[in-house]
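# Coordinates in review
Chain by chain, the residues:
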Amino acid sequence: MKLNLKFLSIALVIGTLTSCVIDDDVVVGDITGPNLASFTQSSKVLSGIANGEEYQDNIVLEVKGPTVEEMNGDVEVMVSVDPASTAVEGTHFRLDSQTITLKEEDNYIGKLPITLLTEGIVAPLDESPILILNVESATGENVINNGKPLKINLNYLCNSKLGGDYNVTVRYVAGYLGIDQTINFVDTFTETGTGEYRSGRVGHWTPDALGGEPGFTFYDICNNITIPEQNLVDLYSNLVKGVAGESSVNPETGVITMKYNICAGGNCRDYTVTYTPIN
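None of these values were measured; they are calculated from a predicted model.

## Re the overall build of the chain
Each helix and strand in the chain was counted, giving two helices and 20 strands. Counting across all 279 residues of the chain, residues that qualify as buried make up 39%. Counted over contacts in the chain with a minimum sequence separation of 6, partners at least 24 positions apart contribute 62%. For the chain, the computed accessible surface area is about 14,600 Å², with 49% contributed by carbon and sulfur atoms.

## A word on the nonpolar core
Ranked by size, the top nonpolar core spans 31 residues in total, and within it Ile59, Leu61, Val63, Val75, Val77 and Ile152 carry the most contacts. Of all the secondary structure elements, the ones that give two or more residues to this core are strand E1 (35-39), strand E3 (54-64), strand E4 (75-81), strand E6 (99-102), strand E7 (109-117), strand E8 (130-139) and strand E10 (150-157). When neighbours within four sequence positions are excluded, Leu61 is seen to be in contact with Ser38, Phe39, Thr40, Val77, Val79, Ile100, Leu102, Tyr108, Ile109, Gly110, Leu112 and Val135. One finds Tyr166, Ala174, Met258 and Tyr260 within the second-largest nonpolar core, a separate group that totals 30 residues.

## A word on the environment of Tyr236
Structurally, Tyr236 can be placed in the loop between strand E16 (230-231) and strand E17 (239-242). Its relative accessible area of 11% is what places Tyr236 among the buried residues. With 25 residues separating them in the primary sequence, Tyr236 and Gly211 have C-alpha atoms 9.9 Å apart. At 2.7 Å, the side chain of Tyr236 forms a polar contact with the backbone oxygen of Leu210.

## Topic: the sheet that holds strand E5 (residues 93-94)
Spatial strand order, E5-E7-E3-E1-E9: five strands in an open sheet with mixed pairing. The open sheet is flanked by E5 and strand E9 (143-145), the only strands paired with a single partner. Across three bridges, E1 lies against E9 in parallel orientation. Within the sheet, the bridge partner assigned to Leu36 lies in E9 and is Ile144.

## Description of the pattern of salt bridges
Side chains bearing opposite charge may pair, as long as their charged atoms lie close to each other. Inspection of the entire model under this criterion finds six salt bridges. In this structure, the salt-bridge partner of Arg94 is Glu54, at a minimum N-O distance of 3.2 Å. On the criterion of sequence distance, the pair formed by Arg94 in strand E5 and Glu54 in strand E3 is long-range, its members being 40 residues apart. For Arg94, a relative accessible area of 28% corresponds to the partly exposed category. Classification of Glu54 as partly exposed rests on a relative accessible area of 42%. With its nearest N and O atoms 2.9 Å apart, the salt bridge here joins Arg94 to Asp96.

## Brief notes about a negative patch on the surface
Negative charge collects at one region of the surface, where Glu69, Glu70, Asp74, Glu76, Glu104, Glu105, Asp106 and Glu141 lie side by side. Within the secondary structure, Asp106 is located in the loop between E6 and E7.

## Some remarks on the pairing of strand E20 (residues 267-277)
With eight bridges joining them, strand E11 (residues 164-174) and E20 adopt antiparallel strand pairing. Of the residues in E20, the one forming a bridge with Val168 is Tyr275. Both strand E19 (residues 256-264) and E20 contribute to a ladder of nine bridges, which runs antiparallel. Each residue of the ladder has a partner; that of Ile256, found in E20, is Tyr275.

## Re the state of the cysteines
All chains considered together, the criterion is met by two disulfides. There is a disulfide in this structure between Cys158 and Cys222, and the S-S distance comes to 2.0 Å. A torsion of 95° about the S-S bond marks the disulfide between Cys158 and Cys222 as right-handed. Of this pair, Cys158 sits in the loop between E10 and E11 while Cys222 sits in the loop between strand E14 (217-221) and strand E15 (224-226); the two residues are 64 residues apart in sequence, bridging distant segments of the chain. Disulfide pairing places Cys263 opposite Cys268 at an S-S distance of 2.0 Å. Taking the sign of the S-S torsion, 110° for the link of Cys263 and Cys268, the bridge is right-handed.

About the criteria used
- Residues numbered from 1 in each chain as written.
- Predicted model: local features only at pLDDT ≥ 70, side-chain atom pairs only at ≥ 80, totals over all residues.
- Heavy atoms only, no water.
- Helix = DSSP H or I, 4+ residues; strand = E, 2+ residues; numbered from the N terminus.
- Buried < 20%, exposed > 50% of the residue type's maximum accessible area, 1.4 Å probe, protein only.
- Contact = heavy atoms within 4.5 Å.
- Areas by Shrake-Rupley, 256 points an atom, 1.4 Å probe, with all protein chains shown as cover.
- Core = buried A, V, L, I, M, F, W, Y, C linked by side-chain atoms within 4.5 Å.
- Polar contact = N/O pair within 3.5 Å; in protein donor to acceptor, adjacent residues only side chain to side chain.
- Pairing = 2+ DSSP bridges.
- Salt bridge = Lys/Arg side-chain N within 4 Å of Asp/Glu carboxyl O.
- Patch = residues over 30% accessible without salt bridge, like charges linked within 9 Å, V, L, I, M, F, W, Y side chains within 5 Å.
- Lys, Arg positive; Asp, Glu negative; His and termini not counted.
- Charge placed at Lys NZ, Arg CZ, Asp CG, Glu CD.
- Disulfide = S-S within 2.5 Å.

Structure (structure tokens):
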């Protein structure tokens, strides 16, 4: 356990050091640049069962900057679809409007509706379409667009029923620590969205040993499991990420296998996990 705590402590120190960077809204001395209209996220996932229905969601935009509290009047923002997108408008998604008014009374935060389309889509697709959006322009008092895109993965799902309790076997390997061991415990998957789940545990630690938000988030796309890169329990700078193509559900038995890494400072812990449903 001492080694585990040392590993986490080092990661926390690294995270603290690397967080000392100048952000968009930092004012240095007497320098006051323009305020920036931008997406609140750099990436997003939209998921829906490919059954012909439409799934509504929102893209959140905001204005941040050194003088945003002194601004007067609303801000008009225009969003554009990047040509690098593999998602096709009218086939995979719909934007009812590509402009939004960020109102002063709402602290310059607003939601732009987006719709995931599934009519005519047969899941699973070989690859999830990707929609890339840009803030094309921003009109208002001392405000410009920040130029940072939003990448949206459009996941087309089959019916997914993975919530419940599982007997778990974990092979935990950390070569740089000389560790190769097997651990067994019981875990619970909680459905948090369409095809989206949160485990109760992550790695070899107990929830109490880590704190934060227990477990990790993963997606079931027609029996293919994806584990996006995420911070360990949404707290540490250690990154949890699935090994591409190595996680899936056996549709006949319900047994789930996953492979993922937890890395920090160039060192990685590797986990191969089998989840057997408890009937």
